[in-house]
Each structure stands twice: as C-alpha cells, then as structure tokens.
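# Reading the structure
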Amino acid sequence: MTDNLDGVRAHYHASGLTERLKTALAALGPEDQRLMPEQLAGLDQFHTRGLAATAELAGLTGIGPDTTVLDVGSGLGGPARFLAATYGCRVTGVDLSEPFVEAADYLTERTGLGGKVTFEAASALALPFDDGQFDVVLLQHVAMNIADRDGLYIEIRRVLKPGGRFATYDVVLNGGDPHYPVPWARTPAESFLLTAAETRTLIEQAGFEPLVWQDDTATAKAWFAQLRASGPPALLNLGVVMGSGFAGVAANLGRNLGEDRLGILTAVFEAVPGKAWQEA
Ligand SMILES: C[S@@+](CC[C@H](N)C(=O)[O-])C[C@H]1O[C@@H](n2cnc3c(N)ncnc32)[C@H](O)[C@@H]1O
C-alpha cells in the first residue's frame, strides 16, 4: 500500500479554520482574554474520549517537567497544550495539515502557552529533527492515516533517545471492513488500518519493547453510548473544525466499534537502548 499524503491533507484541509475558531470562541469572552486549555477540550482533542484519553495516556507514559515531548500528528494542539499546562514540560507538535498548524498556533497564543509549546507543518514520515532528540513521542489517532507503518515507527524510534518512550492511542482493525466515512477518512483511500497484533509487531521491529498494552475498545464503546444518550453536543465541538456533518461521521466510528469491526488500542513502548533503528 502507498501513502496518500495529498488525500489525507485534503481530508484535514479545513479552510478558514482559524477564523471559524475565532468566531466560535467569542462565546468564551473577548479575543484578548486568556483561555484555559480545558475550555477548548470539546474541539481540540481530536480522538475518541477526548481529554480523558490524553490524560490517561500521559499518566501511563510518565511525563515530568524536564521531559521533552514530540506530538506526531498534533492536530489542533490540544494534547500538547494539556501536557505543557499539566506537567510543565516542553512539547513540539508536527502535523501534515497547514490549517491545523496555524489553528494550533492561534489556540496556543490564546492560552498563553507559547513559551512551552510549538508546532510545525511536517510529515510523520520525514520528521525534521535530529536523531535521539526527544524523551517521549506521542501518537494519538494518527497511524490509521499512514500506510508506511514500518517507516512511521522507525522514524519515531530515530528521534527518540535510547530508553525514551513511545505512547500510542490508535484505532485498529478488529473483525471486518469499517463503514465509511469515519473521522479520519471519507473513503478507504485515506485509511490504512492494521490489527493490534500487526501494529505491535511493526513497533517491536522498529526497536521497541512494550511497557503497557491495553485494549480500550470496551471503554470507547461505553463512551460512545454515553454520547448518544446525552443529546446535542456542547457549543464548542469538532463540528467547528470539520464541518457540521461531523457528529454523524463520529457516530460511524461508534457503530464500527459496536459491531466489533474496529477496536481502540492504548500502548506505551520503550526505545530499547542498543537496538537502534538502523538495526531493526
Ligand atoms: C484524528 S487527528 C488527531 C489529532 C491529534 N493527535 C489529537 O489527538 O488531537 C489526525 C491528525 O493526524 C495528522 N496526520 C495524518 N497523517 C499525517 C502524517 N503523515 N504526518 C503528519 N500528520 C499527519 C492529520 O493532519 C490530523 O491532524
């Protein structure tokens, strides 16, 4: 399978995104009023279970004030801002989508976290960083857009220090073809899902050993059930980013989980010292 970076970029193109965010955030106060990262969680945590999932993954990974974190596929930057605000660490985000990077910069300025958090446009398959630069790499709901998975995990291993940690929170194939559209792809042309077992094999081959391996499908199903029962979403939701039909697209992920077509995987790995990415 070949990567479809143009198709993925088009999926996350979100034209006029920063202007739409400015309009939506007017509900929280004037433009010069500083926002708390949690106030944005309805629209800047672009993955199943939102902020709760980011907080849990961070807790499993072990992050402190001196940890240098790279968030690969950082989206609108919500996870990066949460980590910086909670742990005081420095976070760098990279994302394929230029409108998302521009929006992430804007939201970071609004939350006053610019001294700790930066973003740049780049592909996860060619990270613009030296070898061994980061203590932790985060990858939340991004891998399913990437066909060259061994290339992805080798690149993540390259930028990690030996002994560094790689935390991933991903949608995985479970027992059948998914219904489309889903939040990361309108059609199968932008979607490159693997099973949890295939994912683990490729990550280990890239020079990692597992520290945490968790099937979060049941928790995600319960979250979608609660979402369905709780009526219309709050004002600030991912529809502001992806368009008004997004709730229906997200519901399709819930349906795919409910029918056991897809699953949700949480895992943390250690970059094995001495097992460098070149030898994988
Ligand atoms: C579902 S969003 C998740 C965003 C963020 N990780 C979060 O959880 O809030 C997927 C993100 O991955 C980015 N992405 C997809 N393929 C990528 C690639 N090859 N390189 C960098 N970013 C990529 C998309 O642009 C999008 O922002």
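Look up a bit, the structure's there.
Below is a short write-up of the structure.

In space, the 7 strands of this open sheet follow the order E3-E2-E1-E4-E5-E7-E6, with mixed pairing throughout. A single partner strand is all that each edge strand has here, and the edge strands are strand E3 (117–121) and strand E6 (208–215). In this sheet, neighbouring strand axes are inclined to one another by 15 degrees on average, regardless of whether the strands run parallel or antiparallel. One ladder, built from 6 bridges, connects strand E4 (residues 134–140) with strand E5 (residues 160–173); its direction is parallel. Looking at E5, one finds that Val136 is bridged to Arg165. Sheet contacts for helix H5 (residues 78–87): strand E1 (68–72), strand E2 (90–95), E3 and E4; angle to E3, the most-contacted strand, approximately 160 degrees. Across the sheet, helix H7 (residues 149–159) touches E1, E4, E5, E6 and strand E7 (262–271), and the angle it forms with E5 is around 150 degrees.

Here we take up the nonpolar core. Counting residues in hydrophobic clusters, the biggest one holds 59 residues, and the most contacted among them are Leu21, Leu83, Phe100 and Trp184. Counting residues per element, this core draws most heavily on helix H6 (residues 98–110), at 6 residues. Apart from the residues lying within four places of it in its own chain, the contact partners of Trp184 are His11, Tyr12, Met144, Asn145, Val171, Glu190, Ser191, Leu193, Leu253 and Leu262. By size, the runner-up hydrophobic cluster in this structure holds 29 residues, among which are Leu70, Phe134, Leu194 and Ala267.

What follows is about H5. An α-helix turns once every 3.6 residues. As a result, residues three or four positions apart point the same way. Among the 10 residues that make up H5, 7 are buried, leaving the element largely enclosed by the rest of the structure. Looking at H5, one finds that the buried residues are Gly78, Pro79, Ala80, Arg81, Phe82, Leu83 and Ala84.

For the rest of this paragraph, the subject is helix H2 (residues 17–25). Among the residues of H2, those classed as buried are Leu17, Thr18, Leu21, Ala24 and Leu25. Within H2, the buried residues cover an arc of 125 degrees as seen down the axis, which keeps them to one side. At its buried positions, H2 is contacted by helix H3 (41–44), H6 and helix H10 (239–242).

With that settled, the discussion passes to the site of the ligand. Residues in close proximity to the ligand total 23 residues, the closest being Phe46, His47, Gly73, Asp95 and Ala124. Take Leu96: an N or O atom from its main chain is 3.2 Å from a nitrogen atom of the ligand. Note that a nitrogen atom of the ligand is positioned 2.9 Å from one of the backbone N or O atoms of Gln140. In isolation the ligand offers 590 Å² of accessible surface; the protein chains occlude 99% of this area. Of the residues assigned to the shell around the ligand, the class counts are 11 nonpolar, 10 polar and 2 charged.

Looking at the secondary structure, you find Thr48 in the loop between H3 and helix H4 (50–61). A relative accessible area of 3% means that Thr48 is categorised as buried. At a separation of 2.9 Å, a polar atom in the side chain of Thr48 contacts the side chain of His141.

Cut-off values and rules
Residues numbered from 1 in each chain as written. Predicted model: local features only at pLDDT ≥ 70, side-chain atom pairs only at ≥ 80, totals over all residues. Heavy atoms only, no water. Pairing = 2+ DSSP bridges. Helix = DSSP H or I, 4+ residues; strand = E, 2+ residues; numbered from the N terminus. Axes fitted to C-alpha atoms, helices over the stretch in contact; angles between N-to-C directions. Contact = heavy atoms within 4.5 Å. Core = buried A, V, L, I, M, F, W, Y, C linked by side-chain atoms within 4.5 Å. Buried < 20%, exposed > 50% of the residue type's maximum accessible area, 1.4 Å probe, protein only. Arc of directions from axis to C-beta. Near = heavy atom within 4 Å. Polar contact = N/O pair within 3.5 Å; in protein donor to acceptor, adjacent residues only side chain to side chain. Areas by Shrake-Rupley, 256 points an atom, 1.4 Å probe, with all protein chains shown as cover. Nonpolar A, V, L, I, M, F, W, Y, C, P; charged D, E, K, R; others polar.

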